[in-house]
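Chain and residue survey
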Amino acid sequence: MKFNYYIFLIAIFIVFTHTSVFSQNDQNFTIILDAGHGGKDPGNSYHGYTEKDIALKTTLKVGGFLEKAADFKVVYTRTTDVFIELANRPKIANKANANLFVSIHCNSVKSFQPYGTETFVMGLSRSDLNLEVAKKENSVILLEDNFKDTYQGFDPNKPESLIGLTILQEENLNNSIILATEIQGNFTHNLKRNSRGIKQQPLWVLDAVYMPSVLIELGFLSNREEGEFLNSEEGQDQMALQIAKAIVEYKKKYFGTGSIVNSKVKNNTAITVSAITTSSSDTIYKVQLLASSKNIPLIPSNFKGLNNITSTFDNEIYRYMYGAASTIQEVKKMKLEAQLVGYPDAFVVTSN
């Protein structure tokens, strides 16, 4: 049987990165909750407050709230004061075929003045790590008999064969930003906590997972007042509730039924084979140039001379896209154009 090359490429990614293919009737939403540090690694310690303890207590409370919600499956990287190697935390998430990965920590600096929450997403400088892992996983294809005929030229060692993986990786980053926005918004609007924003950093625990992921810094233990709040039962309850509410809202708004076109969240765990094999003909590819809280007029002078700029507005973030193409070949040319005029981090997104 012959398959569209791009469609089958995504299917290969799903199968060979240990990501289960969900049936249309499987509504479970798997969330990995990762309490930072633990055991011989205490994390930050200031004024008698210890990060590993606060992170664990808050994480367990988040899980408690989610376990009461419908259709959630919660998996913890640790539930007691034990040391978990950093490399094993994303492995737990990938093995569980999770939809989201949420790591919970506390901040500190030498000065006792800074305070506030911040949420981190995958860093651009390490955004290709996930693809390298996928390449290694996909290399098992080469061991199969007649793999050239079966996979119609797909070679996991060739960069051009990884465009589907790249799109999924970039969608994960977008979805991570969406979740981070929900979390920070809840902290700010519901608890009146100071927000230090959403930031991108090359953090291994985020870069090595196959799904959207965030790392939350609940606040600064070096700030005595904030540390006291985070160390209290009431503080942990409040912070945990807002994290859980953000996750529930994310699922409610963005987790679709499996269609790669119609689902706003194109997390690889949400894609089904039936959806993949029927949806590509209507897919439009665009090049995302940037995301901003500012509403920028869509004129060429604001986008380094590029024409055909469109935008979307969601969760208080504007996303600006260049062009529109019906094939991967066309959109790759547009992406190169965008990079050449000064958008080195431009990436491909899908639309309909």
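Definitions and limits used
- Residues numbered from 1 in each chain as written.
- Predicted model: local features only at pLDDT ≥ 70, side-chain atom pairs only at ≥ 80, totals over all residues.
- Heavy atoms only, no water.
- UniProt positions renumbered as here; feature names shortened; annotations may be inferred.
- Helix = DSSP H or I, 4+ residues; strand = E, 2+ residues; numbered from the N terminus.
- Buried < 20%, exposed > 50% of the residue type's maximum accessible area, 1.4 Å probe, protein only.
- Contact = heavy atoms within 4.5 Å.
- Areas by Shrake-Rupley, 256 points an atom, 1.4 Å probe, with all protein chains shown as cover.
- Pairing = 2+ DSSP bridges.
- Axes fitted to C-alpha atoms, helices over the stretch in contact; angles between N-to-C directions.
- Parallel < 35°, antiparallel > 145°, perpendicular 65-115°, else oblique.
- Nonpolar A, V, L, I, M, F, W, Y, C, P; charged D, E, K, R; others polar.
- Salt bridge = Lys/Arg side-chain N within 4 Å of Asp/Glu carboxyl O.
- Patch = residues over 30% accessible without salt bridge, like charges linked within 9 Å, V, L, I, M, F, W, Y side chains within 5 Å.
- pLDDT = per-residue confidence, 0-100.

Naming follows an unreviewed UniProt entry, where the chain appears as N-acetylmuramoyl-L-alanine amidase of Flavobacterium frigoris. Recorded in UniProt for the chain, the comment headed Catalytic activity (unreviewed entry) runs: "Hydrolyzes the link between N-acetylmuramoyl residues and L-amino acid residues in certain cell-wall glycopeptides."

Our next topic: the overall build of the chain. Looking only at helices and strands, the chain features eleven helices and twelve strands. Considering the chain as a whole, with its 352 residues, one finds that 54% of them fall into the buried category. Long-range pairs, those at least 24 residues apart, make up 77% of the contacts in the chain between residues at least 6 apart in sequence. As displayed, the chain offers around 15900 Å² of accessible surface, 52% of which is attributable to carbon and sulfur atoms.

Right, let's get into the sheet that holds strand β8 (residues 213-220). Spatially, six strands are ordered β4-β1-β5-β8-β6-β7 in an open sheet, and the strand pairing comes out mixed. The open sheet has two edge strands with one neighbour each: β4 (72-76) and β7 (195-201). Looking at each pair of strands side by side, their axes are set apart by 20° on average, direction ignored. Running over the sheet, helix α9 (residues 233-254) touches β1 (29-35), β4, β5 (100-107), β6 (117-122) and β8 and is turned about 155° from β5.

A few words on the pairing of β4. Within β4, four of the five residues are buried, which leaves the element mostly enclosed by the surrounding structure. Judged from the five bridges that link them, β1 and β4 form a sheet pairing that is parallel. Note that in β4 the partner of I31 across the bridge is V74.

What follows concerns the environment of D345. Mapping D345 onto the fold places it in the loop between α11 (328-341) and β12 (347-351). D345 gets classed as partly exposed once you look at its relative accessible area, which sits at 45%. Along the backbone, D345 and K335 are ten residues apart, and their C-alpha atoms lie at a distance of 9.5 Å.

This part is about the packing of helix α8 (residues 224-231) against α9. Two numbers describe how α8 lies on α9: the axes approach to 4 Å, and their chain directions differ by 80°. Classified by the interaxial angle, the pair formed by α8 and α9 is roughly perpendicular. Residues F229, L230 and N231 of α8 form the contact with α9, whose participating residues are E233, G235, Q236, Q238 and M239. Considered class by class, the residues forming the contact of α8 with α9 number three nonpolar, four polar and one charged.

Time to look at the environment of I32. Among the secondary structure elements, I32 is positioned in strand β1. Look at I32 and you get buried, because its relative accessible area is 0%. On a C-alpha basis, the gap between I32 and V74 in space is 6.1 Å, while along the polypeptide they are 42 residues apart. Beyond its immediate stretch of four places on either side in the chain, I32 contacts V75, T77, I92, A93, A96, A98, L100, F101 and V102.

Moving on: the pairing of β6. Along any regular strand the residues' side chains alternate between the sheet's two faces. Burial within β6 is extensive, with six of its six residues counted as buried. Bridge analysis of β6 against β7 gives five bridges, and the strand direction is parallel. Among the inter-strand pairings, T119 is bridged to a residue of β7, identified as I198. Both β6 and β8 contribute to a ladder of three bridges, which runs antiparallel. Bridge pairing links E118 to E217 in β8.

Before going further, it helps to spend a moment on the pattern of salt bridges. Evaluation of the coordinates by the stated rule reveals nine salt bridges. K52 is the salt-bridge partner of D81, the closest N and O atoms lying 3.1 Å from each other. Of this pair, D81 sits in the loop between β4 and α3 (88-95) while K52 is found in helix α2 (residues 51-67), placing the two residues 29 residues apart along the sequence. Look at D81 and you get partly exposed, because its relative accessible area is 41%. With relative accessibility at 13%, the residue K52 sits in the buried group. For the salt bridge of E233 with K61, the shortest nitrogen-to-oxygen distance reads 2.7 Å. Here E233, found in helix α9, pairs with K61, found in helix α2; they are 172 residues apart in sequence, far enough to count as distant. The exposure class of E233 is exposed, given its relative accessible area of 52%. Each of K61, E233 and D237 takes part in one network of salt bridges that share partners.

Where nonpolar side chains cluster on the molecular surface, the patch consists of L336, L340 and V341 and spans about 290 Å² of accessible area. With respect to the element layout, V341 can be found in helix α11.

Next up on the list: the confidence of the model for the chain. When pLDDT is averaged along the chain, the result is 76; 69% of the residues meet or exceed 70. Contacts from residues 1-26, a stretch scored under 50 in pLDDT, to residues over four places away or in other chains number 72 contacts.

Non-glycine residue H37 carries a positive phi angle of around 65°. For H37, the position within the fold is in the loop between β1 and β2 (45-46). The backbone of N308 shows a phi angle near 55°, a positive value even though the residue is not glycine. Within the element layout of this structure, N308 appears in the loop between β9 (284-292) and β10 (309-314).

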